[in-house]
Amino acid sequence: MLSINGKSGSVRPEQAASWLGAGIAGLLAVTALTGCSRTPEPDSTGTEPRVSLVTTEQYLNSIRYIFGPGIELQLQFPPFERTDGLLANGAAIAGISSSQLEQFQSAGASVAAQVVDPIHRDFTIPCKPRSEDAPDDACASKFLSKVGRLLYRRALHDAELSAFVTSAGEGATSLKDFYAGLETALEAMLLSPEVLFIVEHSEPDPDAPGRQRLDAYSLASRLSYFLWDSGPDEDLLAAAESGELQTRKGRARIVEKMLESPRLQDGMRAFFDDMFEFDAFRTVTKDPTIYPNFTTVTAEAAREQTLRTVIHHLVEEKQDYRDLFTSRSTFMTPALAVLHQTPATPGWTPYTLPADGLRVGLATQISFLSLHAHPGRSSPTLRGMALREVLLCQHVPEPPADVDFSIVNNPDSHYPTQRDRVNAHAENASCAGCHKIMDPIGLALENFNGEGSIQLEENGTPIDTTGELDGVKYNDAAGLAQALRDNSNVPRCLVQRAYSYGVGGAPARTDRNLITYLNERFAADGYRLHDLLRMITLSDAFARIKPAESSAAGEQAPVSEEQVTATSDVAKSDVG
């Protein structure tokens, strides 16, 4: 494994002029937010400082913001290991493999080449060189300092900027091309560990003697990657530089602005895509002889339908999170119309499910039904387990190693229906406990086959979809949807996942009071996502850091004394 040096890039932001922000109305709103907390926030020791590799979407979103949407990249960084229900938690690593490094180098080379090419340079580079055949340190410095600040998520140190400008000049001299030299320096910058990794740093908290907090630049990054799935923008970095971000009122005003930005949709798409485990769509397959209408296009459309539904309901309309599980409002596209047995419309269009139909809410969308099923048939167990783990945040233990699955996996056995087959689990004492909490709720979705289309009979027998969820009985999928909507663990699961996603790790045992507080406030505010995000990002716990025992006061412990990376070596060799 190749890792970065945790000591590199320590930030001590300078105090500058105050950041100009929103108007009087915004200030009044912030005053209300910060001055009228109904109950005090429980004390928290804070979170661990994060060292994490940027995700594919975070990289792409940052590149698009810095250089514009015209930069095209086809890349997919290797997936992380899902930890505590989130891939984002698995990103908290301090290393990359040689093959990953090759991907980063290829991506950096592609971005740098496009940024300086004749098609893009007038938009991406804010100055013209005196001569296109020779170095121009002034123009190179103007460009590299601007993009370096955004890529590094902080202002470049003088020595760093000087090295990149020198590299650009040497390249221009050698190649007799100013833009080729600039391309060389930019490619090296894109390969920097501080660009590819999110490295958080702490500092003493002047408002809480003996405590540590994220420094301003690290707080800006944590906010931006949580809410926007991208690095900080110019305004957020300016707030970090001025010190405004470290004030309670300043952070409240900035968070409010971020919550109202269109970029919040990018951040929440990334969060729910992770929470719903939609990365599995990259490998989902269906037997084409059984489900000829389910293709890779269908799978991608199913994923998109759910994300569009969630974003419209929670971000655009700011509605109650729980109502997602009983809403019949969604979106339709031709690839899904076939499975819904409804006329196709061009592109994505709003669509209301029939009021008397079997489909209602997220759990009956093609995404959930097809993802949690076998290639050739449905699976009450897989669907029930997903309901428990993904939507209720309840852990289902792995099955014993010696379990015989032949009965439940054989549709032609002497058990004629899925209900008969999964009820066979109850005959095995080692299986019965877990399957009692999975199978009954999964059976409520048996009116949908392995691809998510409607089925009413199995082997000539009407499908029985009755069951109960945590003591609430129902007759069908609509009843299950209502039971999910009313289950208190559904919003609690969202709170837990959102906090974990925002701080980069699962809540510690010491955070139980904080999570309880967030749950109570979330309920009191009507289960609105914006209110939850505001509470998390304005909490002391979000910005507070647990001091490492091995660290001196005011310093973050190094990731490892031995972590010297090939990323640094490549960047240095490219800089010259």
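Worth saying up front: this structure is predicted, and the values here are computed from it rather than measured.

A.B. asks: Describe the confidence of the model for the protein chain, and please don't skip the residues or the numbers.
C.D. replies: The predicted model of the protein chain averages 85 in pLDDT, with 82% of residues at 70 or higher. Low confidence marks residues 1-37, where pLDDT is under 50. Its contacts with residues over four positions away, or in another chain, come to 76 contacts. Low pLDDT (under 50) marks residues 550-576, which in the prediction has 55 contacts with non-local residues, meaning those over four places away or in another chain.

A.B. asks: Give a description of the state of the cysteines that names residues and reports values.
C.D. replies: Considering all chains together, one arrives at two disulfides under this definition. Each sulfur of the disulfide joining C393 and C493 lies 2.0 Å from the other. Taking the sign of the torsion about the S-S bond as the criterion, the disulfide between C393 and C493, at about 70 degrees, is right-handed. Remark: C493 occurs in helix α22 (residues 489-503) and C393 occurs in the loop between α17 (380-391) and α18 (406-409); sequence separation between them is 100 residues. As far as the burial class goes, C393 and C493 line up, both buried. Across the protein chain, the disulfide pattern expressed with sequentially numbered bonded cysteines is 1-2, 3-4.

A.B. asks: Describe the nonpolar core, naming the residues involved and giving the relevant values.
C.D. replies: Residues Y59, F67, L144, F272 and Y321 are the most contacted members of the largest nonpolar core, which totals 148 residues. Non-local contacts of L144, meaning those with residues more than four positions away in its chain, are made with L156, L161, F164, V165, A168, L182, A185, L186 and M189.

A.B. asks: Requested: an account of unusual backbone geometry, with residues and values cited.
C.D. replies: Even without glycine at this site, K176 takes up a positive phi of about 55 degrees. With respect to the helices and strands, K176 occurs in the loop between α7 (158-175) and α8 (178-190). Looking at K176, the relative accessible area reads 59%, which means it is exposed. Even without glycine at this site, D229 takes up a positive phi of about 55 degrees. Tracing the backbone shows D229 in the loop between α10 (216-227) and α11 (234-242).

A.B. asks: I'd like to hear about the sheet that holds strand β11 (residues 544-545), residue by residue, with values.
C.D. replies: Pairing is antiparallel in the open sheet, where three strands are placed in the order β3-β4-β11. The open sheet has two edge strands with one neighbour each: β3 (202-204) and β11. Sheet analysis places strand β4 (residues 212-214) next to β11, joined by two bridges and oriented antiparallel. Within β11, the residue paired with Q212 across the bridge is I545. Running at roughly 55 degrees to β4, α10 makes contact with β3, β4 and β11 of the sheet.

A.B. asks: So what about helix α6 (residues 137-152)? Which residues, and what values?
C.D. replies: Buried within α6 we find C139, A140, F143, L144, V147, G148, R149, L150, L151 and Y152. Directly after α6, the chain includes R153, whose backbone phi takes a positive value near 65 degrees.

A.B. asks: Quick one: what's the story with the packing of helix α12 (residues 248-259) against helix α24 (residues 529-538), residue by residue and with numbers?
C.D. replies: Across the interface, α12 lies against α24 with an axial gap of 10 Å and an inter-helix angle of 145 degrees. The way α12 lies across α24 gives a crossing that is right-handed. Here R248, R251, A252, V255, E256 and L259 of α12 lie close against α24, whose contacting residues are H530, L533, R534, T537 and L538. Among the residues forming the contact of α12 with α24, the class breakdown is five nonpolar, two polar and four charged.

A.B. asks: For the packing of helix α13 (residues 264-275) against α24, give the residues involved together with the corresponding values.
C.D. replies: Between α13 and α24, the least distance of the axes is 13 Å, while the angle of their chain directions is 90 degrees. Judged by the angle between their axes, α13 and α24 are roughly perpendicular. Residue-level inspection shows L264, M268 and F272 of α13 in contact with α24, the latter providing L529, H530 and L533. Classifying every residue of the contact of α13 with α24 gives five nonpolar, one polar and no charged.

A.B. asks: With reference to specific residues and values, describe the pattern of salt bridges.
C.D. replies: Under the criterion given, the structure shown has 30 salt bridges. Between R253 and E244 there is a salt bridge whose closest N-O contact spans 2.3 Å. Close ionic contact of D531 with R534 constitutes a salt bridge, the shortest N to O distance being 2.7 Å. In this pair, D531 and R534 both sit in helix α24, three residues apart, roughly one turn of the helix. On the accessibility criterion, D531 (19% relative accessible area) is buried. On the basis of relative accessible area, R534 is assigned to the buried category, the value being 12%.

A.B. asks: Now, about the packing of aromatic side chains: what can you tell me, with residues and values included?
C.D. replies: Tallying each qualifying case throughout the model produces 11 aromatic pairs. Ring geometry for F276 versus F278: centroids 5.7 Å apart, planes at 55 degrees, classification tilted. Seen from their ring centres, F522 and Y527 are 5.3 Å apart, and the 80 degrees between their planes marks the pair as edge-to-face. Accessibility classification places F522 together with Y527 in one group, the buried group. An aromatic cluster of at least three residues, connected via ring pairs, comprises F226, F271, F272, F276, F278, F281, Y501 and F542. Looking at R121, its charged tip hangs above the ring of Y179, at a distance of 3.7 Å from the centre. The ring centre of Y65 lies 4.6 Å from the NZ or CZ of R263, which sits over that ring.

A.B. asks: Give a detailed account of the environment of Y225, specifying residues and quantitative values.
C.D. replies: Summarising the element assignment, Y225 is placed in helix α10. Counting along the chain gives 45 residues from Y225 to A270, while the straight-line C-alpha distance between them is 9.8 Å. Here Y225 is in contact with V54, Q58, S62, R153, I198, S230 and G231, once residues within four sequence places are set aside.

A.B. asks: Tell me about the side chain of R121, and name the residues and values.
C.D. replies: Examined against the element boundaries, R121 turns out to sit in helix α5 (residues 121-124). Dropping the residues within four chain positions of it, R121 is found in contact with V115, V116, E132 and Y179.

Basis of the calculations
- Residues numbered from 1 in each chain as written.
- Predicted model: local features only at pLDDT ≥ 70, side-chain atom pairs only at ≥ 80, totals over all residues.
- Heavy atoms only, no water.
- pLDDT = per-residue confidence, 0-100.
- Contact = heavy atoms within 4.5 Å.
- Disulfide = S-S within 2.5 Å.
- Helix = DSSP H or I, 4+ residues; strand = E, 2+ residues; numbered from the N terminus.
- Buried < 20%, exposed > 50% of the residue type's maximum accessible area, 1.4 Å probe, protein only.
- Core = buried A, V, L, I, M, F, W, Y, C linked by side-chain atoms within 4.5 Å.
- Pairing = 2+ DSSP bridges.
- Axes fitted to C-alpha atoms, helices over the stretch in contact; angles between N-to-C directions.
- Left-handed = near helix turned anticlockwise from the far one by under 90°.
- Nonpolar A, V, L, I, M, F, W, Y, C, P; charged D, E, K, R; others polar.
- Parallel < 35°, antiparallel > 145°, perpendicular 65-115°, else oblique.
- Salt bridge = Lys/Arg side-chain N within 4 Å of Asp/Glu carboxyl O.
- Phe/Tyr/Trp six-rings, centres within 6.5 Å; stacked < 30°, edge-to-face > 60°.
- Lys NZ or Arg CZ within 6 Å of the ring centre and 35° of its normal.

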